[in-house]
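Understanding the architecture of this molecule
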Amino acid sequence: MNLLTDIVAAALASIPLLLTLGLVTLVLALAHFLLIRRNRDLGNERLFSRQLIMLALTLVGLVAVILALPVSEGARNQIIALLGLLISGVFAFSSSNIFANLAAGVLMRMTRPFVLGDFISVGEHFGRVAERGLFDTEIQSESGELIALPNSYLTSRPIATLRSDGALVSAELSLGYDTHHADIEPLLLAAAKSSGLQDAFVQLLELGNFAIGYRVSGVLPEARGLITARSNLYKAILDGLHDAGIEIMSPTIMNQRPVPAEQVFIPAGGGHRQRLAQAAEAEAVLFDKAELAQQLAERKAQLSEQARALEEEAKGADGERKAAIKAQLERMREQRRELDAMTESGSEAAGAGQAGRS
């Protein structure tokens, strides 16, 4: 009789646990169907937040099941503490497993080093971002291959990003000392322009033992044509220099030709040529985002200083002057909010500034 009573009591005590298990299972299944299963065509990028919600619901459901266990309150608290310890241990010792990739994925959503459509270079990999998942990021290489990179791999290495709203395309070559740079620069600028680049500029990189190193760069408004634009730039450089009768010494050619002893390799008229104005200042193109960030910081500091001066003036003002000061302060606060918004969306603002210069 006592055994039967104990069985009935245990069964009754297990009813809350069974109900909780059933409810948690039903809620998780319904949430999975609504958030993920019927939206599989959204891609990993848009499913990321839904997957995080599912993870949070699973943890909440696990805690609910523990609370429904037919044990004493002290034992229940110990189980919850053990669960927290296990989760903390998993995250603490997960430098190379699935939880490290999960944490890295969340971190990259916060820092936004790149977005879908950007070209990135990390390690030996280069390609365009196709998907951003919960545990990995997929890029498509120049050969069309889809490469899945673990998120922890991306957060542990420097990432070079070419924005999708304006990428810098460059080409390097070396030319002999017997050709004046004033003859080279307009040809390289014309090659960049003919290949569809904007804000082109030329830099002298090196005075080598056998040749001068040049780099021509320009902004490509739509980065989706990066590969083709780079190839077109190379073709235009070859055509332009060869048509002008200029030899290209890249990468390095040790030129051995019989020449008279009195001959010197100085371009004719080199000392009397005027330096040609370039189409764009190199720093303005190369460091557009940094320049914009500096301008925003300086403007915010200026607004803060003006606001402090107006607040001091408002303390001793009255009537119409005080009302005018308050209105001016409100306008300055609105400008500050706009500047903060531009700072938060630095990539978009830099792209807009680049487009404005174009």
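Here the structure is shown first, and the text comes after it.
The next point concerns the sheet that holds strand β7 (residues 198–207). An order of β6-β8-β7 is seen for the three strands of this open sheet, with the pairing classed as antiparallel. Sheet topology places β6 (167–175) and β7 at the edges, where each strand pairs with a single neighbour. Across this sheet, the average inter-strand angle for adjacent strands is 20°, counted without regard to direction. Bridge analysis of β7 against strand β8 (residues 212–220) gives seven bridges, and the strand direction is antiparallel. Residue pairing for β8: Val-202 is matched across the bridge by Val-216.

It is worth spelling out the sheet that holds strand β5 (residues 160–162) at this point. Taken in spatial order, the five strands make up an open sheet running β4-β3-β2-β1-β5, and their pairing is antiparallel. Bordering the open sheet on either side are β4 (146–150) and β5, each of which pairs with just one other strand. Averaged over all pairs of adjacent strands, the angle between strand axes in this sheet comes to 40°, irrespective of strand direction. Pairing geometry for strand β3 (residues 136–141) and β4, over five bridges, is antiparallel. Bridge assignment links Ile-139 to a residue of β4, and that residue is Ile-147.

Moving on, we come to helix α6 (residues 181–194). Taking 1.5 Å of rise per residue, 14 residues should cover 20 Å, and α6 covers 20 Å from first to last C-alpha, within 8% of that figure. Regarding α6, the residues found buried are Ala-182, Ile-184, Glu-185, Leu-188, Leu-189, Ala-191 and Ala-192. Contact partners of the buried residues in α6: β6, β7, β8 and α7 (226–243). After α6 finishes, the residue Gly-196 shows a positive phi value of roughly 90°.

To continue, consider the pattern of salt bridges. Following the criterion strictly, the structure yields seven salt bridges and no others. Here Arg-321 and Glu-313 are joined by a salt bridge, their closest N and O atoms 2.6 Å apart. Taking relative accessible area as the criterion, Arg-321 reaches 40% and is therefore assigned partly exposed. For Glu-313, a relative accessible area of 36% puts it in the partly exposed group. Salt bridges sharing common partners tie together Glu-330, Arg-333, Glu-334 and Arg-337.

This part takes up the packing of aromatic side chains. Describing an aromatic ring pair means giving the distance of the ring centres and the angle of the ring planes. The final tally for this structure, using the stated rule, is one aromatic pair. Between the aromatic rings of Phe-119 and Phe-126, the centroid separation amounts to 5.8 Å while the plane-to-plane angle is 15°, which identifies the pairing as stacked.

Taking 1.5 Å as the rise per residue, helix α4 (residues 98–111) with 14 residues should run 20 Å; its terminal C-alpha atoms sit 20 Å apart, in good agreement. Those residues of α4 that sit buried are Ala-100, Asn-101, Leu-102, Ala-104, Gly-105, Met-108 and Arg-109. After α4 finishes, the residue Arg-112 shows a positive phi value of roughly 50°.

Mapped onto the secondary structure, Leu-102 falls in helix α4. Since its relative accessible area comes to 6%, Leu-102 is described here as buried. Considering only alpha carbons, one finds Leu-102 and Phe-135, 33 residues apart in sequence, at a separation of 5.2 Å. Each residue touching Leu-102, except ones within four places of it in the same chain, is listed here: Leu-52, Leu-55, Leu-134 and Phe-135.

Parameters and conventions
- Residues numbered from 1 in each chain as written.
- Predicted model: local features only at pLDDT ≥ 70, side-chain atom pairs only at ≥ 80, totals over all residues.
- Heavy atoms only, no water.
- Pairing = 2+ DSSP bridges.
- Helix = DSSP H or I, 4+ residues; strand = E, 2+ residues; numbered from the N terminus.
- Axes fitted to C-alpha atoms, helices over the stretch in contact; angles between N-to-C directions.
- Expected span 1.5 Å × (residues − 1).
- Buried < 20%, exposed > 50% of the residue type's maximum accessible area, 1.4 Å probe, protein only.
- Contact = heavy atoms within 4.5 Å.
- Salt bridge = Lys/Arg side-chain N within 4 Å of Asp/Glu carboxyl O.
- Phe/Tyr/Trp six-rings, centres within 6.5 Å; stacked < 30°, edge-to-face > 60°.

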